[in-house]
Amino acid sequence: MAKKLAVIGAGLMGSGIAQVSAQAGWDVVLRDVTDEALKRGTDGIKASYDKFVSKGKLEASAAEQALARITTTTDLDAAADADIVVEAVFEDIETKQGIFRTLDGLVRDETVLASNTSAIPITKIAAATKRPERVVGAHFFSPVPMMQLCELVRGHKTSDETLAKTREFAEGIGKTCIVVNRDVAGFVTTRLIAALVVEATKLYESGVASAEDIDIACKLGFGHAMGPLATADLTGVDILMHATENIYTECRDEKFASPELMRRMVDAGDLGRKSGQGFYQY
């Protein structure tokens, strides 16, 4: 019998998680608050499948079957019979806690509740439930169909069984996992990229080097696939700023305090690729 996955949030991350899971044989219910958001998500999934088919990386019949495994809904109750739920809504602690509180009263006792958060401590999210041992971090990377990494995060009370089930799920859909054993804000990857983006922004802001040269230095000097400022534009300057602020709020380490330039860019709507202007023009 096919396993059932519920993905909460049909944005770039949620739809990507739904896409790779359906392709791996999971029955997926994708939930968002509006039909428009669900249509955008499923249109993106179909376009991505079509691209893989056109490149010969996926059979057309396999893409059709995967698409048929995805259903959409605006009703959170549809997650009730899921084996695993992955929450992938925006980075706001109260929103996430509200979703987990509701899920806690809906799903079966053994269901794993995972959050795709990149910076909010899992323990804080789990505290909204009566089953903190069943709550875990499953931080995927964008674009999910292309990026191999999944960062698994233990909350203060996450059980070994929950971590093992989540690893089995993530590896089963083709991801390589790392385990974060202490629930620090930002985990491993977001702390590293946040520190790098903050320092790169400060170097650019103070006129030490151009955005292009800072990014070239990281690509050619460190072998990075993409420089930190181009990464900020791809992720969203606002999203990265919120992530750094979440980490800074938790640990009060000055290296995670968002630079003035980053805050002004967000105020001005220069959010990166999605707005047409960030550290670069698109």
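Everything discussed here concerns the structure shown above.
The present account deals with the structure reproduced in this document.

Thresholds applied
Residues numbered from 1 in each chain as written. Predicted model: local features only at pLDDT ≥ 70, side-chain atom pairs only at ≥ 80, totals over all residues. Heavy atoms only, no water. Core = buried A, V, L, I, M, F, W, Y, C linked by side-chain atoms within 4.5 Å. Buried < 20%, exposed > 50% of the residue type's maximum accessible area, 1.4 Å probe, protein only. Helix = DSSP H or I, 4+ residues; strand = E, 2+ residues; numbered from the N terminus. Contact = heavy atoms within 4.5 Å. Salt bridge = Lys/Arg side-chain N within 4 Å of Asp/Glu carboxyl O. Expected span 1.5 Å × (residues − 1). Disulfide = S-S within 2.5 Å. Phe/Tyr/Trp six-rings, centres within 6.5 Å; stacked < 30°, edge-to-face > 60°.

## Points about the nonpolar core
Part 1 of the argument: Core analysis: the largest hydrophobic core is formed by 35 residues, its most contacted members being Leu5, Ile17, Val28, Leu30, Tyr49, Phe140 and Phe169.
Part 2 of the argument: With 5 residues, helix H1 (residues 12-23) is the largest single contributor of residues to this core.
Part 3 of the argument: Ignoring sequence-local partners within four residues, the contact set of Leu30 consists of Val7, Gly9, Ala10, Gly14, Ala18, Leu38, Ile45, Ile70, Thr71, Thr72 and Thr73.

## Side note on the pattern of salt bridges
Working definition: two side chains of opposite charge can pair if their charged atoms are close together.
Part 1 of the argument: In this structure the tally under the stated criterion is 15 salt bridges.
Part 2 of the argument: With a shortest N-O distance of 2.5 Å, Lys96 and Glu87 are connected by a salt bridge. In this pair, the class of Lys96 matches that of Glu87, namely buried.
Part 3 of the argument: Through salt bridges that share partners, Asp83, Arg108 and Glu110 make up one connected network.

## A few points about helix H10 (residues 237-251)
Part 1 of the argument: The end-to-end C-alpha distance of H10 is 21 Å, a good match for the 21 Å that 15 residues give at a rise of 1.5 Å each.
Part 2 of the argument: Among the residues making up H10, those that are buried are Val237, Asp238, Leu240, Met241, Ala243, Thr244 and Ile247.
Part 3 of the argument: Contacts from the buried residues of H10 go to helix H7 (189-205), helix H9 (228-235) and helix H11 (260-268).
Part 4 of the argument: One or two residues past the end of H10 sits Arg252, with phi positive at roughly 55°.

## A short note on the state of the cysteines
One covalent bond between the sulfur atoms of two cysteine residues makes up a disulfide.
Part 1 of the argument: A full pass over the atoms with the stated rule returns 0 disulfides.
Part 2 of the argument: Between Cys177, a free cysteine, and Cys150, which holds the nearest cysteine sulfur, the sulfur-to-sulfur gap is 4.8 Å.
Part 3 of the argument: Accessibility expressed as a relative area gives 11% for Cys177, which makes it buried.

## Focus: the side chain of Thr244
Part 1 of the argument: On the secondary structure map, Thr244 appears in helix H10.
Part 2 of the argument: With relative accessibility at 1%, the residue Thr244 sits in the buried group.
Part 3 of the argument: Setting aside residues no more than four positions away along its own chain, Thr244 makes contact with Ala194, Val198, Phe256 and Ser258.

## Describing the packing of aromatic side chains
Part 1 of the argument: Summed over all chains, the structure comprises 3 aromatic pairs.
Part 2 of the argument: A centroid spacing of 5.1 Å and a plane angle of 80° characterise the contact between Trp26 and Phe169, whose relative ring orientation is edge-to-face. Within this pair, whereas Trp26 is found in the loop between H1 and strand S2 (27-31), its partner Phe169 is found in helix H6 (residues 160-172), the two being separated by 143 residues in sequence. Here the two residues Trp26 and Phe169 agree in accessibility, since each one is buried.
Part 3 of the argument: A centroid spacing of 6.4 Å and a plane angle of 75° characterise the contact between Phe140 and Phe169, whose relative ring orientation is edge-to-face. Of this pair, Phe140 sits in strand S6 (residues 135-140) while Phe169 is found in helix H6, placing the two residues 29 residues apart along the sequence. Like Phe140, the residue Phe169 is buried in the burial classification.
Part 4 of the argument: Members of the aromatic cluster, each reached through a chain of ring pairs, are Trp26, Phe140 and Phe169.

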